[in-house]
Amino acid sequence: MAGRLQDKVTVVTGAGNGIGRATALRFAEEGSSVIVADIQIDKADETVQIIEDNGGNAKSISVDVTSGADNDAMAELAVSQFGGLDCLVTAAGISHANYVSGDIEPDIKSIVENRATYLERPGWEFVEADPDSFDKVLNVNLKGTLLGMQSCAAQMLESGTRGSIVTIASIAAKHPDAGPVAYTVSKAGVWMLTKKVARMLGPVGIRVNSIGPGFIKTHMTAVIDLMDESEAVAFNEMIPLGRRGEPVDIANAALFLCSDEASYFTGEILHPDGGFFTE
Ligand SMILES: NC(=O)c1ccc[n+]([C@@H]2O[C@H](COP(=O)([O-])OP(=O)(O)OC[C@H]3O[C@@H](n4cnc5c(N)ncnc54)[C@H](O)[C@@H]3O)[C@@H](O)[C@H]2O)c1
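All of these numbers come straight from a predicted model, not from anything done at the bench. (Residues numbered from 1 in each chain as written. Predicted model: local features only at pLDDT ≥ 70, side-chain atom pairs only at ≥ 80, totals over all residues.)

Trainee: Would you mind going over the sheet that holds strand E1 (residues 9–13) with me for this structure?
Mentor: In a beta sheet, neighbouring strands are held together by backbone hydrogen bonds and run either parallel or antiparallel to one another. Ordered in space as E3-E2-E1-E4-E5-E6-E7, the 7 strands form an open sheet in which the pairing is parallel. In the strand order of this sheet, the two ends are held by strand E3 (58–62) and strand E7 (269–270), each with one partner. As defined by bridge partners, strand E5 (residues 164–168) adjoins strand E6 (residues 207–211) across 5 bridges and the pair is classed as parallel. Looking at the pairing, Val 166 lines up with Asn 209 of E6. (Pairing = 2+ DSSP bridges. Helix = DSSP H or I, 4+ residues; strand = E, 2+ residues; numbered from the N terminus.)

The structure is reproduced here in structure tokens:
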């Protein structure tokens, strides 16, 4: 039986880990060839290996999403390797300026420092926030998403492909408690960018949607695993479905948005979040 993305070509950024990797694997299962893009090329290569072991087609590329040239090379690789570009999922992202996927130490340091200031000198954790770290988070999360969309949309326009773009925002796009200040602002930007580009590309048949995940089990939320049992219970109780999501929960939402089943969706955001955030 043909897959839901049979013979399509998808580019996934941040596909070396977490949500991006789950998306690359899920799309390959449904028949898409996948360009696996990440700044961690060893992790991107692992993703490709898993796809190939399961009989799929994939190719890795080292990409820093803040570089226009890297994004262009990524989009061009889809065309030269697999003959076109139908879908883009922008999963590359950071939660704070020193974030390195898979290294929990900078996360602990960032949380401990902010919390200490918040408890001892409330308000100063905002006033003293380093504006340069704001730039870094916005560069990767917001500008990185913009550049990926531009490079991939250019290929779609060149070939007249009525493609689908899915950005990965967050519940933090709408909920100020769901992350640090720069992160929430960057994700609000990703959501507005998605709506704006949906309006601009709708007339040429390119659909642009977003996903705003809740708390998903990846390196980005690994600090939650360090909570003691009572804290972990209280955390899960905040989520109506009583658990953090799995990366494949987000991959399935992206699959829907890229499939023909979502052919009348554009400029929308889905929130797979276990009911944590209800508007
Ligand atoms: N995990 C969650 O709870 C959650 C919730 C909402 C939104 N998100 C978003 O989902 C996306 C994926 O995050 P995740 O949870 O899978 O984390 P992750 O750390 O597992 O994956 C992030 C990936 O992005 C890559 N990356 C980081 N900077 C990059 C750059 N400059 N260029 C290219 N690649 C880069 C990393 O190497 C990593 O592979 C992020 O945008 C994140 O903000 C995650």
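So that's the structure; there's more coming.
Trainee: What is the right way to read the packing of helix H1 (residues 18–29) against helix H9 (residues 247–258) from this model?
Mentor: For any two helices packed against each other, the geometry is given by the interaxial angle and the distance between the axes. For the pair H1 and H9, interaxial distance at closest approach is 8 Å and the crossing angle is 55°. If you check the angle between H1 and H9, you find them oblique. The handedness of the crossing between H1 and H9 comes out as right-handed. Touching Gly 18, Ile 19, Ala 22, Thr 23, Arg 26 and Phe 27 of H1 are Pro 247, Val 248, Ile 250, Ala 251, Asn 252, Ala 254 and Leu 255, all from H9. Along the lines of polarity and charge, the residues of the contact of H1 with H9 split into 9 nonpolar, 3 polar and 1 charged. (Axes fitted to C-alpha atoms, helices over the stretch in contact; angles between N-to-C directions. Parallel < 35°, antiparallel > 145°, perpendicular 65-115°, else oblique. Left-handed = near helix turned anticlockwise from the far one by under 90°. Contact = placed C-beta atoms within 7 Å. Nonpolar A, V, L, I, M, F, W, Y, C, P; charged D, E, K, R; others polar.)

Trainee: What's the story with the pairing of E5 in this structure? I'm lost.
Mentor: Of all 5 residues in E5, 5 are buried; the element is thus mostly enclosed. Alternating residues of E5 divide into Ser 164, Val 166 and Ile 168 and Ile 165 and Thr 167, and every residue in both groups is buried. Handedness of the β-α-β unit built from E5, helix H7 (residues 181–201) and E6 comes out right-handed. (Buried ≥ 20, exposed ≤ 12 C-beta atoms within 10 Å, placed from the backbone. Right-handed = clockwise from strand over helix to strand, strands pointing away.)

Trainee: What is the right way to read the site of the ligand from this model?
Mentor: The immediate surroundings of the ligand are formed by 31 residues, with Gly 14, Gly 18, Gly 93, Ser 101 and Thr 218 found nearest. Put simply, the parts of the chain that give the shell around the ligand at least two residues each are H1 and helix H6 (131–159). Per element, the largest residue contribution to the shell around the ligand is 3 residues, and it comes from H1. When its residues are assigned to classes, the shell around the ligand shows 13 nonpolar, 15 polar and 3 charged. (Near = placed C-beta within 6 Å.)

Trainee: Sorry if this is basic, but what is going on with unusual backbone geometry here?
Mentor: Residues other than glycine predominantly adopt negative phi, and peptide bonds predominantly adopt the trans conformation. Within the chain, Asp 7 stands out as a residue other than glycine whose phi angle is a positive 65°. Structurally, Asp 7 can be placed in the segment before E1. Its 13 C-beta neighbours within 10 Å are what place Asp 7 among the partly exposed residues.

Trainee: Explain the packing of H1 against helix H2 (residues 41–53) to me, please; I cannot follow it from the model alone.
Mentor: At a closest axis distance of 10 Å, the pairing of H1 and H2 adopts a crossing angle of 25°. Classified by the interaxial angle, the pair formed by H1 and H2 is roughly parallel. Here the hand of the crossing between H1 and H2 comes out right-handed. Of the residues in H2, those touching H1 at Arg 21, Ala 24, Leu 25 and Ala 28 are Thr 47, Ile 50 and Ile 51. Of the residues assigned to the contact of H1 with H2, the class counts are 5 nonpolar, 1 polar and 1 charged.

Trainee: Is there a simple way to think about the nonpolar core in this case?
Mentor: A general feature of soluble globular proteins is that nonpolar side chains tend to end up buried together. Counting residues in hydrophobic clusters, the biggest one holds 70 residues, and the most contacted among them are Val 11, Ala 24, Val 36, Ala 37 and Ala 254. Sort the elements by how many residues they give to this core and H6 lands first, with 8 residues. In contact with Ala 37, not counting residues within four places along its chain, are Val 11, Val 12, Thr 13, Ala 15, Ala 44, Ile 61, Val 63 and Met 74. (Core = buried A, V, L, I, M, F, W, Y, C linked by C-beta atoms within 7 Å.)

Trainee: What exactly am I supposed to notice about H7 here?
Mentor: End to end, H7 covers 30 Å across 21 residues, agreeing with the expected 30 Å (1.5 Å per residue, within 8%). Within the sequence span of H7, burial applies to Ala 182, Tyr 183, Thr 184, Ser 186, Lys 187, Val 190, Leu 193, Thr 194, Val 197, Ala 198 and Leu 201. Those residues of H7 that are buried lie in contact with H6, E5 and E6. (Expected span 1.5 Å × (residues − 1).)

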